[in-house]
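# A look at the structure
The lines below spell out each chain.
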Amino acid sequence: GEQVEQRPPHLSVPEGDSAVIICTYTDSATAYFYWYKQEPGAGLQLLMSVFSNVDRKEEQGLTVLLNKKDKQLSLNLTAAHPGDSAVYFCAVSAPGANTGKLTFGHGTILRVHP
Amino acid sequence: AQTIHQWPVAEIKAVGSPLSLGCTIKGKSSPNLYWYWQATGGTLQQLFYSITVGQVESVVQLNLSASRPKDDQFILSTEKLLLSHSGFYLCAWRPLRDISGNTLYFGEGSRLIVV
């Protein structure tokens, strides 16, 4: 089945710097890609969704790159601020009806320090 | 706007005791509903999904069960808790016809500690 590796597991950056998180997936049939943010004790907040026909997507200081050849998905937080500190998860899904099955990475704990 | 509410927020339960976690979604009719489990410090794993009232599909066997008694309600339960059931339980929904793939929207979660 699909496997997703996410790195780094921990990331600490000074305020204003960029933070990059990378996920590598295994199934070439994977078609949908997501990034979620989880703050302590809270649920998952959807940051961005990307289809396989998109190579790059930018929204509100976030950039997602999709490299289908290398089966790699990345999230770049430009000019990170302390409010961005949280756990970030990538998730992928193959085309499918109603199963709602997302395969998640193991998460990246991001700390943005002043 | 749609809202998803989970209850309880947190529970501490003894091994062997029963458990019931609930999830209600408002503002969406006939959503697909899902239960995910997150071990402490770990990733998320799908447990169950339901596309209609009274119909639930199990994804993994963890000595848990789920039911969908109403269109907007999804219940996770067990009669006897195990230590391994500890973790964070997340309910999620997806529109019945989702043109954006498998985008899931999660609730705030229920934290369970089994002692």
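In case you missed it, the structure is sitting above this.
I will try to describe carefully the structure that is included in this document. In this text the structure is predicted, and so the values were computed from the model without any measurement.

## As for the overall build of chain B
Check the secondary structure of chain B and you find 0 helices and 11 strands. Listing every helix and strand of chain B by position from the N terminus yields β-β-β-β-β-β-β-β-β-β-β. Computed over C-alpha atoms, the radius of gyration of chain B comes to 14 Å, within 12% of the 13 Å expected from 2.2 N^0.38 for 115 residues, which places it in the range of a compact globule. Once the C-alpha set of chain B is aligned to its principal axes, its extents read approximately 40 × 30 × 25 Å. Buried residues in chain B amount to 50% of all 115 residues. Long-range pairs, those at least 24 residues apart, make up 54% of the contacts in chain B with a sequence separation of at least 6.

## Focus: the interface of chain A and chain B
Between chain A and chain B, the residue contacts involve 24 residues of the former and 26 residues of the latter. Summed over both sides, the interface between chain A and chain B buries roughly 1900 Å², with carbon and sulfur atoms accounting for 54% of that surface. If you look at where chain A meets chain B, you find 0 salt bridges. At the surface where chain A touches chain B, the tally comes to 10 residue pairs in polar contact (both at pLDDT 80 or more). Secondary structure elements with two or more residues in the side of chain A that touches chain B: β4 (32–38), β5 (44–51) and β9 (86–93) of chain A.

## As for the pattern of salt bridges
Close approach of charged atoms allows side chains of opposite charge to pair. All names here are of chain A. Per the stated rule, a full pass over the model turns up 7 salt bridges over all chains. For the salt bridge of K68 with D55, the shortest nitrogen-to-oxygen distance reads 3.0 Å. In this pair, K68 sits in the loop between β7 (62–67) and β8 (72–77) while D55 sits in the loop between β5 and β6 (56–59), placing the two residues 13 residues apart along the sequence. Its relative accessible area of 37% is what places K68 among the partly exposed residues.

## Some details on the sheet that holds β7 of chain A
Residue and element names in this part refer to chain A. Spatially, the 5 strands line up as an open sheet ordered β1-β3-β8-β7-β6, and their pairing is antiparallel. Edge positions in the sheet fall to β1 (4–7) and β6, since each has one partner strand and no second. Averaged over neighbouring strand pairs, the angle between their axes works out to 15 degrees when direction is ignored. As defined by bridge partners, strand β3 (residues 19–25) adjoins β8 across 6 bridges and the pair is classed as antiparallel. From the neighbouring strand, C23 faces β8, where its bridge partner is L73.

## A look at the packing of aromatic side chains
Across all of its chains, the model carries 11 aromatic pairs over all chains by this definition. Their ring planes at 85 degrees and their centres at 6.3 Å tell us that F89 of chain A and F104 of chain A sit as a pair that is edge-to-face. Note that F89 of chain A is positioned in strand β9 and F104 of chain A in strand β10 (residues 103–104), a separation of 15 residues in sequence. A network of ring pairs unites the aromatic residues Y34, Y36, F89 and F104 of chain A together with Y36 and F106 of chain B as a single cluster. For the cation-ring pair, R111 of chain B lies above F88 of chain B, with the distance from its terminal atom to the ring centre recorded as 4.5 Å.

## Quick notes on the state of the cysteines
Residues and elements named next belong to chain A. All told, the structure shown has 2 disulfides over all chains when counted by the stated rule. For C23, the disulfide goes to C90, at an S-S distance of 2.0 Å. Across the S-S bond of C23 and C90 the torsion is about -100 degrees, and the bridge reads as left-handed. Residue C23 is located in strand β3, and its partner C90 is located in strand β9; the two are separated by 67 residues in the primary sequence.

## Quick look at the pairing of strand β7 (residues 65–70) of chain B
Residues and elements named next belong to chain B. When β7 meets strand β8 (residues 73–78), the two strands line up antiparallel, connected through 4 bridges. The partner of K70 across the bridge, within β8, is Q73. Remark: 2 residues form the turn of the hairpin made by β7 and β8, two consecutive strands paired antiparallel.

## Focus on the environment of A31 of chain A
Residue and element names in this part refer to chain A. Structurally, the position occupied by A31 is in the loop between β3 and β4. Along the chain, A31 and L47 lie 16 residues apart, while their C-alpha atoms are 17 Å from each other. Excluding anything up to four places from it in sequence, A31 contacts V50, F51, S52, S93, A94 and P95.

Basis of the calculations
Residues numbered from 1 in each chain as written. Chains lettered and ligands numbered in written order. Predicted model: local features only at pLDDT ≥ 70, side-chain atom pairs only at ≥ 80, totals over all residues. Heavy atoms only, no water. Helix = DSSP H or I, 4+ residues; strand = E, 2+ residues; numbered from the N terminus. Rg over C-alpha atoms; globule rule 2.2 N^0.38 Å. Buried < 20%, exposed > 50% of the residue type's maximum accessible area, 1.4 Å probe, protein only. Contact = heavy atoms within 4.5 Å. Buried area = accessible area lost by both parts, 1.4 Å probe. Salt bridge = Lys/Arg side-chain N within 4 Å of Asp/Glu carboxyl O. Polar contact = N/O pair within 3.5 Å; in protein donor to acceptor, adjacent residues only side chain to side chain. Pairing = 2+ DSSP bridges. Axes fitted to C-alpha atoms, helices over the stretch in contact; angles between N-to-C directions. Phe/Tyr/Trp six-rings, centres within 6.5 Å; stacked < 30°, edge-to-face > 60°. Lys NZ or Arg CZ within 6 Å of the ring centre and 35° of its normal. Disulfide = S-S within 2.5 Å.

The values are spatial; any link to function lies outside them.
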